Amino acid sequence: MTSSADAAVLGRGRLPLLLLLLLVCSSCWLLPQCDARKTLAATGAPATPIRAVNLGGWLLTEGWILPSLFDGIPNNDLLDGTQLQFKSVTQNRYLVADQGGGAAILADRVQASGWETFKLWRIDETTFNFRVFGNQFVGVNSTGGVVATATVPGPSETFQLVRRDSDKSRVRIRAPNGLFLQAKTMESVTADHSEDTDWGDDDPSVFVTNNVARLQGEYQICNGYGIAQATQVLRNHWSTYITENDFSFIASSGLNAIRIPVGWWIASDPNPPLPFVGGSLQALDNAFSWAEKYNLGVIVDLHAAPGSQNPYEHSATRDGSQEWGNSDANIAQTVRVIDFLANRYANSPSLLAIELLNEPWAPGATLPSLKKYYKNGYKAVRRHTSTAYVIMSNRLSISDPTELLQFASGFSGAVLDVHYYNLFDSKFNSLTVDQNIDFVRNNRSADLAAVTNQNGRPLTFVGEWVAEWAVQGASMTDYQRFTQAQQDVYGRATFGWAYWTLKNVNNHWSMQWMIQNGYMTLKN
C-alpha cells in the first residue's frame, strides 16, 4: 500500500508531468495544421478533415486536361495506343486478324469490332507496329503473306503508314520489304503491291481508316515528341502549369491539402527508362517546399504503376494493356517506388499521406495481388515514417466496394480511397438536375456509409469527385446546388475528400475556375 505521505510526494511529482503534457497538447493544437497532423496517423482521423484538390495533369500527363501539350507532335492523331480500323476500298471490307490473332490477316468483315481493330505502337511519326486483339503483332511471313503471329515486334512487324495529302484518312501500308499491303481478295492480303498509285477506289493497296480511340498520356507525349523535345516540353510544363501562386490560392481558398499524381519512373529521375523523361522529381520537391510555406498537407499518389494498373492513359499505358501485378517482380518494383517516395519525403512536415496505387482495375488487378502489394507497400512507408497515412484505393469495376474493408482495417493509419463521379455510366445520361442531386444525397451517401467502419479503421477518403454531369444547359444555381450536395455528403468521409482537379480546360472540372467564378464555396 502507499502511505498518504508517499501519495503526496507522487502527486507533487505528477503535477509537473501533467503540466508538461498539457503544454505539449496545447502547443500541438496551436501549431500549424501540417505539424499537428504528424501525430495523428497512428491514432485516428486528422484533427481537421481533409479538404483537398488534385493537381491532375501536372506531373502525370492527361491530354484531355490540357490538349495543347500535344500540338507540336507530328501526326499527333497517330500516337501509341491509337486504335485504327482499315477498310479496303476494292473489297469494301475491313481487315481482320483471323481468330483475333495467331493466324492470317483477312479482308472479309462487313463491320468492324475488336478483331478488326489494330493498336499502334509508334516508332516514329510514320512508322509503326500493329497490335491485334490477341496481343500479337502484324507481320509479313516468308512468302509475303500478312499474318498476326509474333508476340514481340521486330523488323518483319514494322510498317510505314503513307497518308494521302488531301485526305488523311486514306492510307497505304508499306511493308518491311518496301512493297505495299494489298487486299487481292477477301481471303488474301499480301505485301506485294508496287509504289505506283492514283489513290483511286480501284487500287487494292488503298485503305480508308477509322480512328476509333486514342490515348494521350505520359507514354504518348514522350514517345510522340522523342526524348529531346519531350524533355523541353514537359520541363516547361512542370515549371509553369503549377506554381507557388497556385499553392497560395489553394490555401487562401480554404483547402488544407493537395493530392499529387505521379508516375513510377519518378523514382529513376533524372534518367528514367524510355520513353519517359526526367525532371518531374524536382517539381515534386518544389511542391513540398511550397506546401510547407502555405501550411498544406501533401498526398503523394502513385497514379501510374509499372505495367499499368488500368487501361487508361493516366496509368501511362502504351496501348491500353494492363500488366501490373502479374508477377512478384512487378509488385516488388512498385514497392521500391513507394520506398523511394517515403524515404525522400518522410521528414517533411507536409507529408500527409502516400497513396499506394490509383484506381486498379478489376479483374486485371486481382484482389490477391493487390492485397500482397498493399501489405508490402504499407511496410515500405512505415520503414520511414510512423505518422504519414497510407491510402489504399478501391478497385474499379467491382461488385462489392467493401472487399478491402476488413483487410485495410488491420493497418494503423490506413485510408480507403473511393472515387465518385455522376459520369462514365449510362445510368447518369438521362438524369435531371434534381435526380443527380438526389443520387448524391441518397445513393452516394449509402455507398460511403457502406465503406465506413464505426471504429474508424480504415478511414475513408473520397479521393476524386467533380461538379460535372451529363445535364445539358444547367444553370449556375444548378451547379452550385450539385457542388454543395457533394460537399455535404463527402464531408462525412472520415479522412476527407479531394476535388478533381485544380486546373482544366473544361471549366467545371477546374476547381480554380469554379471558385473564382462563384460556382463553388468552401465551408469553414
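Residues numbered from 1 in each chain as written. Predicted model: local features only at pLDDT ≥ 70, side-chain atom pairs only at ≥ 80, totals over all residues. Heavy atoms only, no water.

I keep staring at the environment of R170 and nothing clicks. Help me out?
Residue placement: R170 occurs in strand 10 (residues 167-174). Sequence separation between R170 and V206 is 36 residues, and the spatial gap between their C-alpha atoms is 6.9 Å. Polar side-chain contacts of R170 include one of 2.9 Å to the backbone oxygen of W199. (Helix = DSSP H or I, 4+ residues; strand = E, 2+ residues; numbered from the N terminus. Polar contact = N/O pair within 3.5 Å; in protein donor to acceptor, adjacent residues only side chain to side chain.)

Looking at this model, I keep getting lost on the layout of surface pockets. Mind explaining?
The gaps left among the atoms become clear once a water-sized probe is rolled over them. Of the pockets and cavities examined, the largest pocket occupies roughly 1,100 Å³. Looking at the largest pocket, it is lined by 33 residues, and the ones nearest its centre are E359, L396, H419, Y421 and F424. Listing elements by their share of the lining of the largest pocket, those giving two or more residues are strand 18 (414-419) and helix 10 (433-450). Of the residues assigned to the lining of the largest pocket, the class counts are 15 nonpolar, 8 polar and 10 charged. (1 Å grid on protein atoms, 1.4 Å probe; cavity = no way out; pocket = protein on both sides within 12 Å on 5 of 7 lines; lining within 4 Å. Points joined across faces, edges and corners; volume = space filled by probe spheres on them. Nonpolar A, V, L, I, M, F, W, Y, C, P; charged D, E, K, R; others polar.)

Would you mind going over helix 3 (residues 218-225) with me for this structure?
Turn by turn, an α-helix covers 3.6 residues, leaving residues three or four places apart pointing in a common direction. Of all 8 residues that make up helix 3, 7 are buried, and the element is covered over most of its length. Burial in helix 3 covers these residues: E218, Y219, Q220, I221, C222, G224 and Y225. In the core, the buried residues of helix 3 are packed alongside strand 5 (118-122) and helix 4 (227-240). Downstream of helix 3 by one or two residues, G226 has phi in the positive range, about 90°. (Buried < 20%, exposed > 50% of the residue type's maximum accessible area, 1.4 Å probe, protein only. Contact = heavy atoms within 4.5 Å.)

What exactly am I supposed to notice about the sheet that holds strand 20 (residues 496-499) here?
Sheets are built from strands that pair by backbone hydrogen bonding, the pairs being arranged parallel or antiparallel. Taking strand neighbours around the barrel as the criterion, the 8 strands line up as 1-14-15-16-17-18-19-20 in a closed arrangement whose pairing is parallel. The average undirected angle you get between the axes of adjacent strands in this sheet is 25°. Pairing analysis gives 4 bridges linking strand 1 (residues 50-54) to strand 20, with the strands arranged parallel. Looking across to strand 20, one finds that V53 is bridged to Y499. In the packing of helix 7 (residues 328-345) onto the sheet, contacts are made with strand 14 (257-263), strand 15 (297-304) and strand 16 (351-355), and the angle to strand 16 comes to roughly 175°. (Pairing = 2+ DSSP bridges. Axes fitted to C-alpha atoms, helices over the stretch in contact; angles between N-to-C directions.)

Any chance you could explain the environment of Y312 here in plain terms?
Among the secondary structure elements, Y312 is positioned in the loop between strand 15 and helix 7. Distance in space between the C-alpha atoms of Y312 and Q216 is 9.2 Å, their sequence separation being 96 residues. Setting aside anything within four residues of it in sequence, one finds Y312 in contact with T317, W361 and L396.

Explain the nonpolar core here, please?
General note: in soluble globular proteins, nonpolar side chains tend to be found buried as a group. If you look at the biggest cluster of nonpolar residues, it comprises 108 residues, and the most contacted ones within it are L55, W58, I260, Y373, W497 and Y499. Sequence-distant contacts of Y373, that is, excluding residues within four places in its chain, are made with L302, W324, I331, T334, V335, I338, L356 and L357. Residues A97, L120, F128 and L161 belong to the second largest nonpolar core, which totals 26 residues. (Core = buried A, V, L, I, M, F, W, Y, C linked by side-chain atoms within 4.5 Å.)

I keep staring at the pairing of strand 10 and nothing clicks. Help me out?
Judged from the 5 bridges that link them, strand 9 (residues 159-164) and strand 10 form a sheet pairing that is antiparallel. Pairing of R164 across the sheet is with D167, part of strand 10. Between strand 9 and strand 10, which pair antiparallel one after the other, the connecting turn spans 2 residues. Pairing geometry for strand 10 and strand 13 (residues 207-213), over 2 bridges, is antiparallel. Pairing of V171 across the sheet is with F207, part of strand 13.

Help me understand the side chain of Q85 in this model?
For Q85, the position within the fold is in strand 2 (residues 83-88). If sequence neighbours within four positions are ignored, Q85 has contacts with Y94, A112, S113, E116, T117, V208, T209, N210 and V212.

Looking at this structure, how should I read the pattern of salt bridges?
Where charged atoms of side chains with opposite charge meet at close range, the side chains can pair. Applying the stated rule across the entire model yields 21 salt bridges. When the shortest N-O distance is used, the salt bridge between D434 and R481 registers 2.8 Å. You can see D434 sitting in helix 10 and its partner R481 sitting in helix 11 (residues 476-490), a full 47 residues away along the chain. R444 is paired through a salt bridge with D447; the nearest N and O atoms lie 3.6 Å apart. Of this pair, R444 and D447 both sit in helix 10, 3 residues apart, which is roughly one turn of that helix. The network of salt bridges with common partners includes R259, D301, E355, D417 and E464. (Salt bridge = Lys/Arg side-chain N within 4 Å of Asp/Glu carboxyl O.)

Help me understand the domain arrangement of the protein chain, please; the structure alone is not making it clear to me.
By a widely used convention, the size of an interface equals the accessible area lost when the partners come together. If you check the domain split of the protein chain, you get domain 1 (50-70 + 216-517) and domain 2 (82-213). Here domain 1 and domain 2 have C-alpha centroids that lie 38 Å from each other. Between domain 1 and domain 2, a total of about 570 Å² is buried, with carbon and sulfur atoms accounting for 30% of that surface. Contact with domain 2 buries surface across domain 1, with N223, R318 and D319 losing the most and accounting together for 75% of the total. Considering only residue class, the side of domain 1 that touches domain 2 consists of no nonpolar, 3 polar and 3 charged. (Domains from an automatic or database assignment. Buried area = accessible area lost by both parts, 1.4 Å probe.)

Quick question: what am I supposed to make of the UniProt feature "domain: Glycoside hydrolase family" (unreviewed entry) in the protein chain here?
Sites flagged by UniProt as "domain: Glycoside hydrolase family" (unreviewed entry) map to residues 232-504. In the segment residues 232-504, helix accounts for 38% and strand for 15%; the C-alpha atoms at its two ends are 22 Å apart. (UniProt positions renumbered as here; feature names shortened; annotations may be inferred.)

Just checking my understanding: could you explain the UniProt feature "domain: DUF7910" (unreviewed entry) in the protein chain for this structure?
The UniProt feature table records "domain: DUF7910" (unreviewed entry) at residues 75-210. For residues 75-210, the helix share is 0%, the strand share is 48%, and the end-to-end C-alpha distance is 15 Å.

It is not clear to me how the packing of helix 10 against helix 11 should be interpreted in this structure. Could you clarify?
The axes of two packed helices give the description: the angle between them and the distance between them. Put simply, helix 10 and helix 11 touch, their axes get as near as 9 Å, and they point 10° apart. Compared by their axis directions, helix 10 and helix 11 come out roughly parallel. The segment helix 10 lies against helix 11, with V433, D434, N436, I437, V440, R441, R444, S445 and L448 engaging D478, R481, F482, A485, Q486, D488, V489 and Y490. Broken down by class, the residue content of the contact of helix 10 with helix 11 amounts to 8 nonpolar, 3 polar and 6 charged. (Parallel < 35°, antiparallel > 145°, perpendicular 65-115°, else oblique.)

What's the story with helix 10 in this structure? I'm lost.
Along its 18 residues, helix 10 runs 25 Å from first to last C-alpha, staying within 8% of the 26 Å computed at 1.5 Å per residue. Of all the bends in helix 10, the greatest, near 30°, is centred on F439. Every buried residue of helix 10 is accounted for by V433, N436, I437, F439, V440, R444, S445 and L448. (Expected span 1.5 Å × (residues − 1). Bend = angle between axes of the 7 residues up to and from the residue.)

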